[in-house]
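If you want the building blocks of each chain, they are given just below.
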Amino acid sequence: QVQLVESGGGLVQAGGSLRLSCAASGRTYAMGWFRQAPGKERDFVAAISWRAGSTSYADSVKGRFTISRDNAKNTLYLQMNSLKPEDTAVYYCAASRLIVADTELGEYDVWGQGTQVTVSS
């Protein structure tokens, strides 16, 4: 089974930017980013299809976040701009057996360990 390792989290001021990376140990199909704030459920952030032909975003991040992938490097990215305090959460990357981007948490069966993103006001 493929393994996922996230990196790139940290502390940033509101309005700043961060770029998350997710390195996969092997080939992956559709992939996504989810996030979980303290005391809250894990929520969908963004997803990308196998060949990066389609993407999907949560309304709360549209226009600010960009998901991308480099299949040659087996790496998924999340560029986060104009960060807000409400973006503070642990961010997880996930891999699906589907080839199309999906917003449903249950469609992903491999998860990384998460990386903390903290946005100060």
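Scope of this entry: the structure provided in the associated data block.

### Concerning the environment of Y57
Here Y57 lies in strand 6 (residues 55-57). Sequence-wise, Y57 and G32 are 25 residues apart; in three dimensions their C-alpha atoms are separated by 9.6 Å. For Y57, the side chain forms a polar contact with the main-chain nitrogen of I67, separated by 2.9 Å.

### Quick notes on the side chain of S96
The residue S96 is located in strand 9 (residues 89-96) in this model. A polar contact is formed between the side chain of S96 and the backbone oxygen of E107, at a distance of 3.0 Å. Ignoring sequence-local partners within four residues, the contact set of S96 consists of Y29, A30, E107, Y108 and D109.

### Things to note about the pairing of strand 7 (residues 65-70)
Only one face of strand 7 is buried, namely the one carrying F65, I67 and R69, since none of T66, S68 and D70 on the opposite face is buried. Bridging between strand 7 and strand 8 (residues 75-80) involves 6 bridges; their strand directions are antiparallel. Residue pairing for strand 8: R69 is matched across the bridge by L76. Taking the residues between adjacent antiparallel strands as the criterion, strand 7 and strand 8 are bridged by 4 residues, where N74 takes a positive phi near 50 degrees.

### Brief notes about the pattern of salt bridges
Throughout the structure, instances matching the rule amount to 4 salt bridges. In this structure, D59 and K62 form a salt bridge, with 3.2 Å as the shortest nitrogen-oxygen distance. We classify D59 as exposed; its relative accessible area is 65%. A relative accessible area of 49% means that K62 is categorised as partly exposed. Across the salt bridge formed by R64 and D87, the nearest N and O atoms sit 2.8 Å from each other. Of this pair, R64 sits in the loop between strand 6 and strand 7 while D87 sits in the loop between strand 8 and strand 9; the two residues are 23 residues apart in sequence, bridging distant segments of the chain. Of the residues examined, R64 reaches a relative accessible area of 10% and is grouped as buried. Linked through salt bridges whose partners overlap, the residues forming this network are R35, R64 and D87.

### A word on the sheet that holds strand 3 (residues 18-24)
Each strand in a sheet pairs with its neighbour through backbone hydrogen bonds, running either in the same direction (parallel) or in the opposite one (antiparallel). Taken in spatial order, the 4 strands make up an open sheet running 1-3-8-7, and their pairing is antiparallel. The sheet is open, and its two edges are formed by strand 1 (4-7) and strand 7, each paired on a single side. Here the strands of the sheet are splayed against their neighbours by 15 degrees on average, with no regard to which way each runs. Examined bridge by bridge, strand 1 and strand 3 share 4 bridges and lie antiparallel to one another. Within strand 3, the position partnered with V5 by the bridge is A23.

What counts, and at which threshold
Residues numbered from 1 in each chain as written. Predicted model: local features only at pLDDT ≥ 70, side-chain atom pairs only at ≥ 80, totals over all residues. Heavy atoms only, no water. Helix = DSSP H or I, 4+ residues; strand = E, 2+ residues; numbered from the N terminus. Polar contact = N/O pair within 3.5 Å; in protein donor to acceptor, adjacent residues only side chain to side chain. Contact = heavy atoms within 4.5 Å. Buried < 20%, exposed > 50% of the residue type's maximum accessible area, 1.4 Å probe, protein only. Pairing = 2+ DSSP bridges. Salt bridge = Lys/Arg side-chain N within 4 Å of Asp/Glu carboxyl O. Axes fitted to C-alpha atoms, helices over the stretch in contact; angles between N-to-C directions.

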